[in-house]
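Spelled out from the first residue to the last, the chains are:
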Amino acid sequence: MSWSRLDIDRWNLECEFNNIDHRTDLNGVDRLIVRRGQTFTISLYLRSGSYQPGVSSLDCVAETGPQPSEQYGTRASFGLSANIDTSCWSAAVTSPPGDMVALSICSAPDAPIGRYTLTLGRSGRIEFILLFNPWCAGDAVYMDNEQNLAEYVLSQDGIIFRGSYKHPIPTPWNFGQFEGGILDACLRILDMNPKCLRNPGKDYSGRRNPIYVSRVLSAMVNCNDDKGVLLGRWTGDYSGGVSPMVWKGSVEILRNWDAQACQPVCYGQCWVFAAVACSVSRALGIPCRVVTNYLSAHDTNNNLVIERYINENGEPIQSREMIWNYHCWVENWMTRPDLKSDFNGWQATDPTPQEKSEGVYCCGPVPVRAIKEGELTFKYDAPFVFAEVNADIISFMKKKDGSTSKVTSTTLVGQNISTKSVGSDAREDITHLYKYPEGSDEEREAFKKADHQNKLLHQEQNQGLHLTIKVTSDMRKGCDFDVFALVTNNTQSTKKCRLVFGSSAVSYNGFLKGNCGFKDLLNVELSPGAGERVPLRLNYSKYGELLTEDNLIRLAALLLDYTTRESVLAVRNIVLENPEIRVRILGEPKENRKLAAEITLQNPLPEPLEACCFSIEGANLTGGCVITERLGSSVGPGEDAKVKVYFTPTHSGLRKLVVDFDSNKLGHVKGYRNVIIGK
């Protein structure tokens, strides 16, 4: 039988039909964007002849990257088959004989992601973008739950938890992974990574593997070794850029990086790094969520112990090993064929530059299950992540004469590990995914495996003198309020003690910014079984000027027993509530119809607010832009700052309008409103 090659005149990529079918239509329908391991269909119009089953032939070649090769999996040659084979690159005609041919094409479920050219015979050459496919059972990122997929791949907004472990504060974020230009920026991130610049053929081949891609993203979201997206800064001096608190979403950050020839965007901190990594992962098709670990340990020498030093007033002496009030990273969903199957699923990846891994500032991916089980040899960076949630803290007091003594303290790490719930803005506590219940047999087994000797010894705490810090619920910014040190004598003898009770404004990663109130009681006498409640007044007139944008105050009480010379330390971070931003939607929200929102914030401070500015953004709400409204006058104590903004929603469904309020005294206040847009 003689084969007859199809003579193609023109084609239609049927972008709208295919992109909707592949759940990529929110990127637009002006170009073909498909997911691997899933069929897409294009229309071919023949110049001459017609398609005849079993007679007509068509040579197809799919290529990606600058050095496509079949050996690297970046080039695939295939012809027409009777039926599509979803396990490899294949093509089949799905229309009856005639001069219009419906050609169905399927990529391999493990094909490298990225930009492709597809050559059809001698005259056809089309371009498309291929993404990971978590709806495809053959893909390493497959996720078998539609609600989870809607949340972790398709949702363009979310909640990141900040604040403190006793008071988690939800911060809205616009991930915006389908906004104009974002997918192109994400593909450029892959192209600018040093591995690609050194060996593009090998790097493009590696893009078949979500483990490899996640590790590249972990390095490229920060700019410490490369032309990465964000420069981190934690000093409070944000000249040459903007405070990390300014950002409401990833869109502006990624667009700025792309438009500025890959110069880093200034500045980021952990939740910004994590949020941008989440946007990029979702854009490429990897299910992803942002996770917050409260009281997160930064262990620099892999001994799973944080040695914390304080002075005689209970104030910390800064060192590289610290406890962050919270720390954010991301989890990406994938299989781990390089490990046992028990370790498939969520993988922790951290784009905040903290320590080098294999010579580069990146961290992960490491299976969350490996952290729970104490499997510290598993790739990548298991000891660092294990320490973040499990490190032991040993406190020492450095005295004026240079000597040091051990201090009893009950500080925990890895508390209330949090992420946004699927389908709602509620907080989901996922601590149980990272660690077994404290004191359980399983926890001891995990610590044995991890050789976590300090935790296994369960050092004896001082049972005689007990010290805790209590607070009330009226701790709002602008108010004066009391906090309390509770001292209890559990011994059979009278105790004479010194109590130092202090407070300092502090950044979320533990740097002190100034004294907010201090008390030094030299003669605290406690009879057996007795207790004393010692108040410390915090006045806005003092703490107002010292607060960082994190609104955090560190309370520390240090009790010195004159008889035994033993010391007990209690530390607690409190977060002061910002005022609520109220958003009222005016009119019926409809697709492609102008909508108004009235946005109000009441000044809670005993002084006027100057330079007040509201800015809003929302995926598919504000046209991919930030809308800014400045107030022309100051806002007095108890008065409302109020603006009306207009925007035109482009897509139906549940959308999040994210609001930021900035002023000279309050710093950045976040708020949001969920809006259901009708068709």
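Residues numbered from 1 in each chain as written. Predicted model: local features only at pLDDT ≥ 70, side-chain atom pairs only at ≥ 80, totals over all residues. Heavy atoms only, no water.

- The name given to the protein chain in an unreviewed UniProt entry is Protein-glutamine gamma-glutamyltransferase 2, with the source organism recorded as Dicentrarchus labrax.
- The record in UniProt for the protein chain states the following under Sequence similarities (unreviewed entry): "Belongs to the transglutaminase superfamily. Transglutaminase family." (UniProt positions renumbered as here; feature names shortened; annotations may be inferred.)

## A few points about the sheet that holds strand E7 (residues 75-78)
Backbone hydrogen bonds hold the strands of a sheet together, and the pairing may be parallel or antiparallel.
Phase 1 of the analysis: With respect to topology, five strands assemble into an open sheet ordered E3-E11-E10-E6-E7, the strand pairing being mixed. Strands with a single pairing partner mark the edges of an open sheet, and in this sheet they are strand E3 (33-35) and E7. Here the average twist between neighbouring strands, direction ignored, is 30 degrees.
Phase 2 of the analysis: In terms of strand pairing, strand E6 (residues 60-64) meets strand E10 (residues 114-120) through five bridges, oriented antiparallel. From the neighbouring strand, Cys60 faces E10, where its bridge partner is Leu120. (Pairing = 2+ DSSP bridges. Helix = DSSP H or I, 4+ residues; strand = E, 2+ residues; numbered from the N terminus. Axes fitted to C-alpha atoms, helices over the stretch in contact; angles between N-to-C directions.)

## Some remarks on the sheet that holds strand E8 (residues 90-93)
Phase 1 of the analysis: The sheet built from four strands is open, its strands ordered E2-E4-E9-E8 with antiparallel pairing. Among the strands making up the open sheet, the edge pair consists of strand E2 (7-12) and E8. Within this sheet the neighbouring strands show an average axis-to-axis angle of 35 degrees, counted without direction.
Phase 2 of the analysis: Bridge count for E8 against strand E9 (residues 100-106) is four bridges, and the pairing is antiparallel. In the sheet register, Val93 faces E9, and the bridge partner there is Leu103.

## A word on the UniProt feature "active site" (unreviewed entry) in the protein chain
Phase 1 of the analysis: Per the UniProt record, the feature "active site" (unreviewed entry) sits at Cys270, His327 and Asp350. Taken together, the annotated residues stretch across 81 residues yet fold into one region, lying no more than 9.7 Å apart by C-alpha.
Phase 2 of the analysis: Not counting residues up to four positions away in its chain, the partners in contact with His327 are Cys270, Val291, Thr292, Asn293, Ser296, Asp350, Thr352, Gln354 and Glu388.
Phase 3 of the analysis: Position of Asp350 relative to the elements: it lies in the loop between strand E20 (345-349) and strand E21 (356-357).
Phase 4 of the analysis: For Asp350, the contacting residues outside a window of four places in its chain are Ser218, His327, Cys328, Trp329, Cys362, Cys363 and Glu388. (Contact = heavy atoms within 4.5 Å.)

## A short note on the side chain of Ser405
Phase 1 of the analysis: With respect to the helices, strands and loops of the structure, Ser405 is situated in strand E25 (residues 404-409).
Phase 2 of the analysis: Judged by its relative accessible area of 17%, Ser405 falls in the buried class.
Phase 3 of the analysis: Not counting residues up to four positions away in its chain, the partners in contact with Ser405 are Ser395, Phe396, Met397 and Lys399. (Buried < 20%, exposed > 50% of the residue type's maximum accessible area, 1.4 Å probe, protein only.)

## Notes on the state of the cysteines
Phase 1 of the analysis: One pass over the structure, following the stated rule, counts zero disulfides.
Phase 2 of the analysis: Lacking any disulfide linkage, Cys88 is separated from the closest cysteine sulfur, that of Cys106, by 8.1 Å.
Phase 3 of the analysis: A relative accessible area of 30% places Cys88 in the partly exposed class.
Phase 4 of the analysis: Free of any disulfide, Cys136 has its nearest neighbouring cysteine sulfur in Cys106, separated by 7.3 Å.
Phase 5 of the analysis: Accessibility expressed as a relative area gives 12% for Cys136, which makes it buried. (Disulfide = S-S within 2.5 Å.)

## Here we look at helix H10 (residues 382-390)
Phase 1 of the analysis: Extensive coverage of H10 is indicated by the burial of eight of its nine residues.
Phase 2 of the analysis: By the burial criterion, the buried members of H10 are Ala382, Phe384, Val385, Phe386, Ala387, Glu388, Val389 and Asn390.

## Structural notes on unusual backbone geometry
Phase 1 of the analysis: The residue after Cys266, namely Tyr267, is reached through a cis peptide bond having omega 10 degrees.
Phase 2 of the analysis: Relative to the assigned elements, Tyr267 resides in strand E15 (residues 265-268).
Phase 3 of the analysis: Following Lys379, the chain continues into Tyr380 via a peptide bond in cis, with omega recorded as -5 degrees.
Phase 4 of the analysis: Secondary-structure assignment places Tyr380 in the loop between helix H9 (368-373) and H10.

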